[in-house]
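Listed below, chain by chain, are the residues.
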Amino acid sequence: MRKLYGILSLTFLLALSSSSAWSELVIRVTQGNDKPTTVAVSPIALNGLRIKEDIGAIVEADLQRSGLFRTTPRRDMLAFPSKASDVYFRDWRMLGSEYLVVGSMRTIADGRYELEFSLLNVTAQKTEFKHAVRGRVNEMRDLAHLVSDKVYQEITGIRGAFSTRIAYVTANRDSGKFVYRLNVADADGAREKLMLESSEPIMSPSWAPNGKELAYVSFETGRPAIFRQNLVTAKRQQLTNYTGLNGAPAWSPDGKKLALVLSKDGNPEIYMLELSTFKFTRLTRHFAIDTEPTWMSDGNTLLFTSDRGGTPQIYKLNVATRATERLTFRGNYNARPSLAPDGRTLALVHRESSTFHIASFDLKTGRMIELTETRLDESPTVAPNGAMVMYATKQGDRGVLAAVSLDVGVRYVLPAKNGDVREPAWSPFLQ
Amino acid sequence: MKTSFNKTGLATILFSMVLVGCSSAPVEETSTDIEDTSVQTGQVDTSGIDDSAMASSADTVFYFDFDKALLKPESRAALLEHAAALSSNPRSVRLEGHADERGTREYNMALGERRANAVKEFLVLQGVSGGLIEVISYGEERAASFGSNDSAWGLNRRVELK
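None of the values given here were measured: they were computed from a predicted structure. (Residues numbered from 1 in each chain as written. Chains lettered and ligands numbered in written order. Predicted model: local features only at pLDDT ≥ 70, side-chain atom pairs only at ≥ 80, totals over all residues. Heavy atoms only, no water.)

Some remarks on the overall build of chain B
Secondary structure assignment for chain B yields 4 helices and 6 strands. Beginning at the N terminus, the succession of helices and strands in chain B can be written as β-α-β-β-α-β-α-β-α-β. Within chain B, the proportion of its 162 residues that are buried is 44%. In chain B, the share of contacts with a sequence separation of at least 24, taken over all contacts with a separation of at least 6, comes to 72%. For chain B, the exposed area adds up to about 8300 Å²; of that, 52% sits on carbon and sulfur atoms. (Helix = DSSP H or I, 4+ residues; strand = E, 2+ residues; numbered from the N terminus. Buried < 20%, exposed > 50% of the residue type's maximum accessible area, 1.4 Å probe, protein only. Contact = heavy atoms within 4.5 Å. Areas by Shrake-Rupley, 256 points an atom, 1.4 Å probe, with all protein chains shown as cover.)

Quick look at helix α2 (residues 55-65) of chain A
All names here are of chain A. In terms of burial, α2 is largely enclosed, as 10 of its 11 residues are buried. What α2 keeps buried is the set I55, G56, I58, V59, E60, A61, D62, L63, Q64 and R65. Count one or two residues on from α2 and you reach G67, which has phi positive near 80°.

Comments concerning the pairing of strand β15 (residues 257-262) of chain A
All names here are of chain A. Of all 6 residues in β15, 6 are buried; the element is thus mostly enclosed. With 4 bridges joining them, strand β14 (residues 246-251) and β15 adopt antiparallel strand pairing. If you follow A250 over to β15, its bridge partner there is A259. Bridge count between β15 and strand β16 (residues 269-274): 6 bridges; the pairing is antiparallel. In the sheet register, L260 faces β16, and the bridge partner there is Y271. Here β15 folds back onto β16, and the loop between the two strands holds 6 residues, one of which, G266, carries a positive phi near 120°. (Pairing = 2+ DSSP bridges.)

Some points on the interface of chain B and chain A
The interface of chain B with chain A comprises 56 residues on the first partner and 78 residues on the second. Between R422 of chain A and E141 of chain B there is a salt bridge whose closest N-O contact spans 3.3 Å. One can count 32 residue pairs in polar contact (both at pLDDT 80 or more) joining chain B with chain A. Of all the secondary structure elements, the ones that give two or more residues to the side of chain B that touches chain A are α1 (10-20), β2 (28-33), α3 (105-125) and β5 (133-139) of chain B. (Salt bridge = Lys/Arg side-chain N within 4 Å of Asp/Glu carboxyl O. Polar contact = N/O pair within 3.5 Å; in protein donor to acceptor, adjacent residues only side chain to side chain.)

Some remarks on the packing of helix α2 (residues 76-88) of chain B against α3 of chain B
All names here are of chain B. Where α2 meets α3, the closest approach of the two axes is 9 Å, and the angle between their N-to-C directions is 55°. The orientation of α2 with respect to α3, classified from their angle, is oblique. In this structure, α2 crosses over α3, and the sense of that crossing is right-handed. Facing α2, whose interface residues are R76, L79, L80, H82 and A83, α3 presents V119, F122 and L123. When its residues are assigned to classes, the contact of α2 with α3 shows 6 nonpolar, 1 polar and 1 charged. (Axes fitted to C-alpha atoms, helices over the stretch in contact; angles between N-to-C directions. Parallel < 35°, antiparallel > 145°, perpendicular 65-115°, else oblique. Left-handed = near helix turned anticlockwise from the far one by under 90°. Nonpolar A, V, L, I, M, F, W, Y, C, P; charged D, E, K, R; others polar.)

Focus on unusual backbone geometry
Residues and elements named next belong to chain A. Its identity is not glycine, yet A248 carries a phi of approximately 50°, on the positive side. Residue classification places A248 among the buried positions, given a relative accessible area of 6%. You will see that R336, though not glycine, has its phi angle at about 55°, which is positive. The partly exposed category is assigned to R336, whose relative accessible area is 21%.

Digging into the side chain of S379 of chain A
Residues and elements named next belong to chain A. Mapped onto the elements, S379 comes out in strand β26 (residues 378-382). The buried category is assigned to S379, whose relative accessible area is 3%. Those residues in contact with S379 that sit more than four places away from it in its chain are R336, V349, M390, Y391, A392, E423 and P424.

Description of the domain arrangement of chain A
Residue and element names in this part refer to chain A. In terms of domain boundaries, chain A breaks down into domain 1 (36-156) and domain 2 (165-426). When each unit is reduced to the centre of its C-alpha atoms, the spacing between domain 1 and domain 2 is 36 Å. If you look at the interface, domain 1 gives 10 residues, while domain 2 gives 9 residues. Summed over the three residues of domain 1 that lose the most area to domain 2, namely R65, R141 and Y152, the buried surface amounts to 64% of that side. Inspection of the domain 1/domain 2 interface yields 2 salt bridges. One salt bridge in this structure joins R191 and D142, with 3.0 Å as the shortest N-O distance. Taken together, the links from domain 1 to domain 2 amount to 3 residue pairs in polar contact (both at pLDDT 80 or more). Of all elements in the fold, only α2 and α4 (140-156) reach the threshold of two or more residues within the side of domain 1 that touches domain 2. The greatest single-element share of the side of domain 1 that touches domain 2, amounting to 4 residues, is contributed by α4. When its residues are assigned to classes, the side of domain 1 that touches domain 2 shows 1 nonpolar, 4 polar and 5 charged. (Domains from an automatic or database assignment. Buried area = accessible area lost by both parts, 1.4 Å probe.)

Notes on the nonpolar core
Residue and element names in this part refer to chain A. Counting residues in each nonpolar core, the largest one holds 35 residues, and the members touching the most others are L258, L260 and V389. The contacts of L260, once residues within four sequence positions are left out, are I226, T240, G247, A248, P249, E269, I270, Y271, L273, F280 and P293. Counting residues in hydrophobic clusters, the runner-up holds 28 residues, among them V41, I51, M105 and I155. (Core = buried A, V, L, I, M, F, W, Y, C linked by side-chain atoms within 4.5 Å.)

Here's the deal with α4 of chain A
When the terminal C-alpha atoms of α4 of chain A are compared, their 24 Å separation across 17 residues agrees well with the 24 Å that a helix rising 1.5 Å per residue should span. Downstream of α4 of chain A by one or two residues, G157 of chain A has phi in the positive range, about 80°. (Expected span 1.5 Å × (residues − 1).)

Quick look at the packing of aromatic side chains
Residue and element names in this part refer to chain A. Going through the model one piece at a time under the given rule, you end up with 11 aromatic pairs over all chains. A ring pair is formed by Y216 and F227, whose centres lie 6.1 Å apart and whose planes are at 15°; its orientation type is stacked. One end of the pair, Y216, is in strand β11 (residues 213-218); the other, F227, is in strand β12 (residues 225-230), with 11 residues separating them in the sequence. Among the residues examined, F227 registers a relative accessible area of 5% and is labelled buried. When the centroid spacing of 5.3 Å and the interplanar angle of 90° are considered together, the rings of Y242 and F280 count as edge-to-face. Taken together, the residues span a long stretch of sequence, with Y242 in the loop between β13 (236-238) and β14 and F280 in strand β17 (residues 279-282) at a distance of 38 residues. Taking relative accessible area as the criterion, Y242 reaches 29% and is therefore assigned partly exposed. (Phe/Tyr/Trp six-rings, centres within 6.5 Å; stacked < 30°, edge-to-face > 60°.)

What follows is the structure in structure tokens.
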């Protein structure tokens, strides 16, 4: 699984044109799967419509980034069919394409567009499905990612996560002054949007389960405080204002509570905040550091980091009974758990000797697998389909985001054009 | 976003089945509408920030070992001087705790606070009123020295008295 698969041939740059002043992310795939499926994406027929985005190219980039696919180069294609009836399967078989995507765009009412596309199985010479996706002219990337999601799911059996988003923090130093920004972008780094800018630190973004809000820590008052902010309206609400730490917010699966960290009682403890009543409940009671809570899907179990055993390790807490159990024993530093949707695989920050890597930890078997080989890797966040873990690492002295698959076969890097990028948070499914 | 079956596409299905030839089942036809999910920028409120300066001859930065919050012997002289000055001439001070970049960010927030509390406890033991001292941690968010090496990390594991 760990063999490098044609690094050069798979290394590609998805240069995203943008008028944005912010540092957009540019993705570079550095390693792929050993046996990728070959998919040809015929350019989408625009039928005379003026559309700036190359939808077929966005789909190709999505599929390649997943590491599970290789795409047939456009220059090798003998024809650009846009519907199943125009396809000569023999041509595509000769090119080695196992699947073919064809599609066509048209306008419908109210200035909206409809992209009708089909996935064809070249080997079996049949149409797997046909789907129509509708949106506005500024939603062409959404249309493209939805095509990728459908194709990915049909071929792999796993729900695609190309239509999801990432939140992350950037820090830039400009003539000695810091500028911190909280951004949201598509999962491929495109369409970066600024949510908040501050001269004081911003930390720990956490998605509400409906994907419409973020909770995060901002020092804008001169002290750390937890805020929530709506993505569409930009409406903000300060949730905590206690002496000491106000950190590590984590939304409960039902969206009604936040787990968070306060040190108002003298040292960091995990609390639960009921968002409708503003009632705080203290969940841990220990003189050690307790921090970085994350919810399990039952809504009654929290995983968190504590150094109560001498080194930071992962613990499990039953919210109802407050029963606490240590889960990790291998390594001298295990922290910042992020749970995969299977409910048993944790991505975490792990240190065996002196370097910090991202590792996966199986809650059932207790097996720990190091996923990364760089140093100073932190802030793992698992995609909602469980295929990839995004994390922060260093390239030279700069913070960048990278991703690795939970089975170690695939990895890619998202360097920003400038500044430090850190603390990625992968959104839930947004549909 | 909502997904629905297209009931009008039956003719297309049958037509494409004839052309494709070897399909045994009708092709599934579905559709999706993209929802508007634009993102707006929020505004920070910085009215609460107080940039107070201080004048003192003694060292105001105290350093720590990795993952430790124990005061070093070399910090003692300067801290005693501060304690004496604050006891005879009380004023509000702020202790800002910091960590190096290694380890996770929220854990480092806790570590920075632990270090600042260690300095506070020392000052209180020397007679300074605890009510005058505010403790705040910046974790690894406000590095004093940039670079991923031992000397930069050593300069970043610190408490600053302000």
